[in-house]
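Listed here are the chains, written in short residue letters.
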Amino acid sequence: MSDDHVYMTLAEGHEDDTRWAYGTGFEDPLHGVDTAVPEDVDPAELAAECVALADDALVSAQRLAEWTARAPELEEEVALANIGLDLIGQARLLYSRAGQVDGTGRGEDAYAYFRDAGDFRNVRLAELPCGDFAFSIVRMLLLSSWRLAQFQRLTAHADPVLAAIATKGAKELAYHRQYAAEWAVRLGDGTPESHRRMRTALEKAAPYLGELFTACDVRENVVTDLRQVTEAAGLPMPVYRPLPGSGRHGDHTEHLAPLLAELQSVARAHPEAAW
């Protein structure tokens, strides 16, 4: 078999999955799950929750993609790319569920590529520029701890599809948190320069912590994780004062629109294209 045909071989049997490369050739994690919305679940609220969680994942993945060919080591470049792919996979499942229950029948591409910045509901920490490696690690630590706590709670959700997505995603997020924690300790307890950069990164992220706690009541989990890591790294706990507005309500920084313009450029230039 030639290398030119490897991807085509993997794609056999997945003809409908032509737009996103991630997930091709893998077992459907929702196989056998009842897709009917339970009577005690509000479809509009379920769709909104799925879209918000998916937006967090998609925007975070796009920021991680910016480390391609820029990470400190090849091994870290591969790790960051794989973490980004995990998040894209979560976004796909969540967008698909939203389209099933919100009455529009929209697919993944419609949510990801054909909404403007004001329509996105991701938290603002996810959309901030990558900055240096220290800031990306701090952001990953905060977002993965926060997201893991949410997903662990959602494994008991009344909607069986969202519960299944959360069960799958929690395993991935546990690794994301571990990866970020290990790097945070390594940098915080490393050289004077790496320690300084980690302190700066924590200060930069601190104002956005309040939004995470407001978006989902998992503050205790995140604070516990953060305190454990900062103590091991010899770093101070960040002091935060909540910023006004919320990404959950469509209030975003000036950084989201350019990020989406890059993310969506090909799909908007070639609508309805398949690859």
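S.K.: Please set out helix α7 (residues 192-205) residue by residue, giving values where relevant.
M.R.: Within an α-helix, residues lying three or four positions from one another point in the same direction, as the helix has 3.6 residues per turn. Look at α7: 20 Å from first C-alpha to last across 14 residues, which is about the 20 Å you get at 1.5 Å a residue. All buried positions along α7 are accounted for by Ser194, Met198, Ala201, Leu202 and Ala205. In an axial view of α7, the angular spread of the buried residues amounts to 100°, which keeps them on one side of the axis. Those residues of α7 that are exposed and aimed more than 90 degrees away from the buried face are Pro192 and Glu203.

S.K.: Lay out the packing of helix α5 (residues 133-154) against α7 with the relevant residues and their values.
M.R.: Orientation of α5 relative to α7, taken along the N-to-C sense of each, is 50°, at an axis distance of 8 Å. In terms of orientation, α5 lies oblique with respect to α7. Note that α5 runs across α7; the crossing there is right-handed. Contacts from Ala134, Phe135, Val138 and Leu142 of α5 reach α7 at Arg197, Met198, Ala201, Leu202, Lys204 and Ala205. Of the residues contributing to the contact of α5 with α7, the split by class is eight nonpolar, no polar and two charged.

S.K.: How would you summarise the packing of aromatic side chains if you had to cite specific residues and measurements?
M.R.: Counted according to the given criterion, the structure contains five aromatic pairs. A centroid spacing of 5.6 Å and a plane angle of 90° characterise the contact between Trp67 and Phe133, whose relative ring orientation is edge-to-face. Of this pair, Trp67 sits in the loop between α2 (43-65) and α3 (74-101) while Phe133 sits in helix α5, placing them 66 residues apart in sequence. For the pair formed by Trp67 and Phe133, the shared burial category is buried. For the pair Phe133 and Trp183, a centre-to-centre distance of 5.0 Å together with 85° between the ring planes defines the contact as edge-to-face. Taken together, the residues Phe133 in helix α5 and Trp183 in helix α6 (residues 160-188) connect sequence positions 50 residues apart. Residue class for Phe133 comes out buried when judged on its relative accessible area of 11%. In this structure an aromatic cluster arises from ring pairing among Trp67, Phe133 and Trp183. The ring of Trp67 carries the charged tip of Arg70 above its face, separated from the ring centre by 4.6 Å.

S.K.: With reference to specific residues and values, describe the environment of Phe213.
M.R.: Within the element layout of this structure, Phe213 appears in helix α8 (residues 209-215). Separated by 10 residues in sequence, Phe213 and Val223 place their C-alpha atoms 9.9 Å apart.

S.K.: Let's hear about the pattern of salt bridges: which residues, and what values?
M.R.: Within this structure, the stated rule accounts for 13 salt bridges. Across the salt bridge formed by Glu108 and Arg92, the nearest N and O atoms sit 2.9 Å from each other. One end of the pair, Glu108, is in helix α4 (residues 108-113); the other, Arg92, is in helix α3, and 16 residues separate them in sequence. Exposure remark for Glu108: the relative accessible area of 18% places this residue in the buried category. Note on Arg92: relative accessible area 11%, which makes it buried. The network of salt bridges with shared partners includes Asp132, Glu193, Arg196 and Arg197.

S.K.: Now, about the nonpolar core: what can you tell me, with residues and values included?
M.R.: Within the largest apolar cluster, 81 residues are counted, with the highest numbers of intra-cluster contacts made by Leu125, Tyr179 and Leu212. Discounting residues that sit within four places of it in the chain, Tyr179 has contacts with Glu76, Ala79, Leu80, Ile83, Phe133, Ile137 and Met140.

S.K.: If you had to explain the side chain of Glu108 to someone new, which residues and values would you point to?
M.R.: There is a polar contact of 2.9 Å between the side chain of Glu108 and the side chain of Arg92. At 3.2 Å, the side chain of Glu108 and the side chain of Ser96 are in polar contact.

S.K.: So what about α5? Which residues, and what values?
M.R.: The terminal C-alpha atoms of α5 lie 31 Å apart, and with 22 residues this matches the ideal 32 Å at 1.5 Å per residue to within 8%. Among the 22 residues that make up α5, 20 are buried, leaving the element largely enclosed by the rest of the structure.

Cut-offs used in this document
Counting from 1, residues in each chain are numbered in the order their sequence is written. The predicted nature of this model means local features are confined to residues of pLDDT at least 70 and side-chain atom pairs, given and counted, to a pLDDT of 80 or more, with totals for whole chains, interfaces and linings taken over all residues. Note: side-chain values were computed over all heavy atoms of the structure, leaving out hydrogens and water. Here a strand is any run of E in DSSP of at least two residues, a helix any run of H or I of at least four, and the numbering for each starts at the N terminus. Multiplying 1.5 Å by the helix residue count minus one yields the expected span of that helix. Relative accessible area decides the class of each residue, using a 1.4 Å probe on protein chains only: under 20% of the type maximum gives buried, over 50% gives exposed, and in between gives partly exposed. Within this analysis, the arc is defined by the directions that extend from the helix axis to the C-beta atoms. Angles here are taken between N-to-C directions and fall from 0 to 180 degrees, while the axes themselves are lines fitted to C-alpha atoms, restricted in helices to the stretch in contact. By the definition adopted for this analysis, an angle is roughly parallel if under 35 degrees, roughly antiparallel if over 145, roughly perpendicular if from 65 to 115, and oblique otherwise. A clockwise turn of the near helix away from the far one marks a right-handed crossing, whereas an anticlockwise turn of less than a right angle marks a left-handed crossing. Note on definitions: a residue-residue contact is assigned when non-hydrogen atoms from the two residues lie within 4.5 Å. In the scheme used here, Gly and all other residues not listed as nonpolar or charged are polar, with Ala, Val, Leu, Ile, Met, Phe, Trp, Tyr, Cys and Pro taken as nonpolar and Asp, Glu, Lys and Arg as charged. Ring pairs are drawn from Phe, Tyr and Trp, using the six-membered ring of Trp, whenever the two centres fall within 6.5 Å, and their geometry is named by plane angle: stacked under 30 degrees, edge-to-face over 60, tilted for the rest. Lysine and arginine charges are scored as sitting over a ring when NZ or CZ, respectively, is within 6 Å of the ring centre and within 35 degrees of the ring normal. Any Lys or Arg side-chain nitrogen located within 4 Å of an Asp or Glu carboxyl oxygen qualifies as a salt bridge. Throughout, nonpolar core names a set of buried Ala, Val, Leu, Ile, Met, Phe, Trp, Tyr and Cys residues whose side chains join them through atoms within 4.5 Å. Any pair of N or O atoms that falls within 3.5 Å is considered a polar contact. Within protein, one atom must be able to donate a hydrogen and the other to accept it, and sequence-neighbouring residues count only if both atoms are side-chain atoms.

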